[in-house]
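A structural walkthrough
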Amino acid sequence: DQQVKQNSPSLSVQEGRISILNCDYTNSMFDYFLWYKKYPAEGPTFLISISSIKDKNEDGRFTVFLNKSAKHLSLHIVPSQPGDSAVYFCAAQRLTGTASKLTFGTGTRLQVTL
Amino acid sequence: DGGITQSPKYLFRKEGQNVTLSCEQNLNHDAMYWYRQDPGQGLRLIYYSQIVNDFQKGDIAEGYSVSREKKESFPLTVTSAQKNPTAFYLCASSIGWTRGEEAFFGQGTRLTVV
């Protein structure tokens, strides 16, 4: 049962344009959502997060939008740069009494072209 | 420099053998995690530990074992019972209970069964 889904396995965007990566989830009990960036043969690195009580969080070129009614979130990268080319994972976190584990999506490979 | 270290980076194992993957962190984090990444799939949680001497099964714990005798260390043993052990293994740590905290990942270990 895939609770966090990234339906686009890949995305290609021109340098300077906006990249929009999408993520859907099924569990309305998630408390936080996070985005990670991963290069080949390396561990993921944290990008940005958003609480389930917010609808937007911005950090420099990265903005995450959350639509709770649609159970959908998106990551916007503006402007896109060649160094942004990587796999992006969406993750969801539910804070229970003894655990705060992350549930990851399958990832979207972003390629930023010149 | 604080960080999380996995070793070795590449590991080869013969079928039927157990093998242990190392994960050490000097971030003073309470929580540690093991994930597995397969092509076309997201990161799937194997085991996690919120405090020393305690750990919990994740979504795909069968064929794996862990220990958490020290705060800094969370080794993962891939046993011969694991049906398909060839994968990229990622260890992570986080502060523990901070809401929305991100997990810091190691560089990963690629395990190949030959």
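Structural notes, computed from the coordinates. Owing to the predicted nature of the structure, the values given are computational and were not obtained by experimental measurement. (Residues numbered from 1 in each chain as written. Chains lettered and ligands numbered in written order. Predicted model: local features only at pLDDT ≥ 70, side-chain atom pairs only at ≥ 80, totals over all residues. Heavy atoms only, no water.)

Some details on the sheet that holds strand E3 (residues 19-25) of chain B
Residues and elements named next belong to chain B. Reading across the sheet, the four strands line up as E1-E3-E8-E7 and stay open at both edges, with antiparallel pairing between neighbours. The outermost strands of the open sheet, each flanked by one partner alone, are strand E1 (4-7) and strand E7 (64-66). Taking the axes of each pair of neighbouring strands and ignoring which way they run, one obtains an average angle of 20 degrees across the sheet. Taken together, the four bridges between E1 and E3 define a ladder with antiparallel strand orientation. Its bridge partner lying in E3, Thr5 is registered against Glu24. (Pairing = 2+ DSSP bridges. Helix = DSSP H or I, 4+ residues; strand = E, 2+ residues; numbered from the N terminus. Axes fitted to C-alpha atoms, helices over the stretch in contact; angles between N-to-C directions.)

Regarding the pairing of strand E4 (residues 31-37) of chain B
Residue and element names in this part refer to chain B. Counting buried positions along E4 yields seven of seven residues, so the element is predominantly enclosed. Burial along E4 is two-sided: the face carrying Ala31, Tyr33, Tyr35 and Gln37 and the face carrying Met32, Trp34 and Arg36 are both buried. Bridge count for E4 against strand E9 (residues 87-94) is seven bridges, and the pairing is antiparallel. Within E9, the position partnered with Arg36 by the bridge is Tyr89. Of the strand pairs in this sheet, E4 and strand E5 (residues 43-51) are connected by six bridges, and their pairing is antiparallel. (Buried < 20%, exposed > 50% of the residue type's maximum accessible area, 1.4 Å probe, protein only.)

Here we look at the nonpolar core
Residue and element names in this part refer to chain A. By size, the foremost hydrophobic cluster in this structure holds 23 residues, and its most contacted members are Phe33, Trp35, Leu73, Leu75 and Tyr88. Counting only elements with at least two residues in this core, the list comes to strand E3 (19-25), strand E4 (32-38), strand E5 (45-51), strand E7 (62-67), strand E8 (72-77), strand E9 (86-93) and strand E11 (108-113). By residue number, the principal contributor to this core is E9, which donates four residues. (Core = buried A, V, L, I, M, F, W, Y, C linked by side-chain atoms within 4.5 Å.)

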